[in-house]
Amino acid sequence: MSSFGRDRSGMVQKVLDWRNRRAWLQHVRWYAKPLLTPKLVAALERRKPQCWSDVMDWLAGHEEVVPDFCDRMSSYYTHLKAFHGCRPESLSTYYEQGLQGQDANSIILKLKKLFADVPLAELDKAIEKMQHRESSEKGKTWLSGDDREMVRGHGHYIISGSEYLLALAAKLGTGQGGEEDYRLRLRTIGIPTVLEVDIPIDLVPPAQKLEVAKMILSEWGQLRTKRPLDMSSSPCYVVRSDIPAECIKAHYHPARIHDFHHYITTYVNNTQRCECCPPSPCNGIAAS
Ligand SMILES: [Zn+2]
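For the structure given in this document, a descriptive report is provided here.

Thresholds, definitions, all that
- Residues numbered from 1 in each chain as written.
- Predicted model: local features only at pLDDT ≥ 70, side-chain atom pairs only at ≥ 80, totals over all residues.
- Heavy atoms only, no water.
- Patch = residues over 30% accessible without salt bridge, like charges linked within 9 Å, V, L, I, M, F, W, Y side chains within 5 Å.
- Areas by Shrake-Rupley, 256 points an atom, 1.4 Å probe, with all protein chains shown as cover.
- Salt bridge = Lys/Arg side-chain N within 4 Å of Asp/Glu carboxyl O.
- Lys, Arg positive; Asp, Glu negative; His and termini not counted.
- Charge placed at Lys NZ, Arg CZ, Asp CG, Glu CD.
- Helix = DSSP H or I, 4+ residues; strand = E, 2+ residues; numbered from the N terminus.
- Buried < 20%, exposed > 50% of the residue type's maximum accessible area, 1.4 Å probe, protein only.
- Donors = N, O, S within 2.8 Å, 3.2 Å for Na, K, Ca; no water.
- Tetrahedral: all angles 85-135°; square planar, octahedral: opposite > 155°, others 65-115°.
- Contact = heavy atoms within 4.5 Å.
- Expected span 1.5 Å × (residues − 1).
- Phe/Tyr/Trp six-rings, centres within 6.5 Å; stacked < 30°, edge-to-face > 60°.

1. Structural notes on a negative patch on the surface
A cluster of acidic residues, Asp 57, Glu 63, Glu 64, Asp 68 and Asp 71, forms a negative patch on the protein surface. Structurally, the position occupied by Asp 57 is in the loop between α2 (38–47) and α3 (65–76).

2. Overview of unusual backbone geometry
The backbone phi angle of Lys 48 is positive, close to 50°, even though this residue is not glycine. Mapped onto the secondary structure, Lys 48 falls in the loop between α2 and α3. Since its relative accessible area comes to 36%, Lys 48 is described here as partly exposed. With a phi close to 55°, Lys 226 is a non-glycine residue in the positive phi region. With respect to the element layout, Lys 226 can be found in the loop between α11 (206–225) and β7 (236–239).

3. Observations concerning the coordination of the zinc ion
Coordination of the zinc ion by the protein comes from His 251 (NE2), His 253 (NE2), Cys 274 (SG) and Cys 277 (SG), over a distance range of 2.0 to 2.4 Å. Here the zinc ion binds four donor atoms, and the angle range of 103 to 123° at the metal identifies the geometry as tetrahedral. All donors to the zinc ion come from one chain, and their sequence spacing reads H-x1-H-x20-C-x2-C. In this pair, the class of Cys 274 matches that of Cys 277, namely buried.

4. Quick notes on helix α10 (residues 163–172)
Counting buried positions along α10 gives seven out of ten residues, so the element sits mostly inside the fold. Considering only its buried residues, α10 is in contact with α5 (104–114), α6 (120–129), α7 (131–137) and α9 (156–160).

5. Here's the deal with helix α1 (residues 21–32)
Its twelve residues give α1 an end-to-end C-alpha distance of 16 Å, which sits within 8% of 16 Å, the value for a rise of 1.5 Å per residue. Listed as buried for α1 are Ala 23, Trp 24, Leu 25, His 27, Val 28, Tyr 31 and Ala 32. Looking at the buried positions of α1, the neighbouring elements they touch are β3 (15–16), α3 and α11.

6. Structural notes on the packing of aromatic side chains
Taken as a whole, this structure holds seven aromatic pairs when the rule is applied. Plain terms: the ring middles of Phe 4 and Tyr 76 are 6.1 Å apart, the flat faces sit at 70° to each other, and that makes the pair edge-to-face. With a gap of 72 residues between them, Phe 4 in the segment before β1 (5–6) and Tyr 76 in helix α3 connect regions that are remote in the sequence. With a relative accessible area of 12%, Phe 4 lands in the buried category. Taking the relative accessible area as the measure of exposure, Tyr 76 reaches 9% and is therefore buried. Aromatic pair Tyr 76 and Tyr 77: ring centres 5.0 Å apart, planes at 85°, arrangement edge-to-face. The same class applies to Tyr 76 and to Tyr 77, which are both buried. Taken together, the ring pairs in this structure connect Phe 4, Tyr 31, Phe 69, Tyr 76 and Tyr 77 into an aromatic cluster.

7. Topic: the pattern of salt bridges
Going through the model one piece at a time under the given rule, you end up with twelve salt bridges. Here Glu 219 and Arg 21 are joined by a salt bridge, their closest N and O atoms 2.9 Å apart. One end of the pair, Glu 219, is in helix α11; the other, Arg 21, is in helix α1, and 198 residues separate them in sequence. According to the relative accessible area criterion, Glu 219 is buried, its value standing at 15%.

Below, the structure is given as C-alpha cells:
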C-alpha cells in the first residue's frame, strides 16, 4: 500500500499507528476480509451488541475469528508505532544503542549519585524495599500506543523518568511529614522526552498483539453495529528485549504534561531542545 514507507534496504514497512484510526480500520479490509464474513456482519447489524474489547462474547458463535484475526494482523504489519516517555540526561545513548530494558543496577547508581547527601542506610533501606520488583521488571521497556494519551494520562515517566527510580525516591520521603519530597529532585536532572519508536512486531509479546487485535475488532464491531462505546484507550506495550536504535524515528520534548504528583496539575517544561534535536525547530512530530 502506498501509505507505507520503506526502510533503507527498500523493504516495505507497514506500521500500525494507533493515532491514525481511519488508516488501521481501512487496513482491516486488506488482511481480514475472509474472516469478517457478510453473515457475521449481518448478525451484528441485527443484534447490535456492545462490542467490548475485553469480552468478545458479542461475536456470538464466531469467537474463533479472534486468533485468526490476530495472526493476520501480525503478518500484515511489520511494526507497531509506540512512544516511550523518559527523562534522560542525554539522548545520544538512545540513538547509539537503542532502548535497553530496565536495569535496576544502573538506576540504583543514579539514585546514589542524586541523593548522595542522604545517609547510605536510608538509601539501602529504600533499595531493599524495591527488590521484589527488580527481577520481574528486569530488561523491560514500557511504551504507549498514543503519545497524546501518555502526556495527558500517564506523563510521570516524562516528568520524573523511570518509575522504578520514582518509587525509590518516594520510599525516601514524599514530603508528608514536612521532610523533603525527594521525588521532586528527579525533576532537576535530564530532559523531559517522548521517543517515537517503531517496534518490530516480532518483539511484541503474543498476549499484547492479541490485545491490539481485540481492540481493533472492538472498533470494527462498533462501526458495524453503529453503537459507539465512547471509550478512549490505546495499546500499551511491554517489550522484554532491547529495541535497536534504528527503530527510534523521532523525539520531542513536550511543553506541558499533566502532573499527578504535584498540587500544580500541569508540569511546564522549559527545555524543549537538546543536542539530538534536528536543527530545524520543527521536530517532525507534533509537540504537545
Ligand atoms: Zn531533543
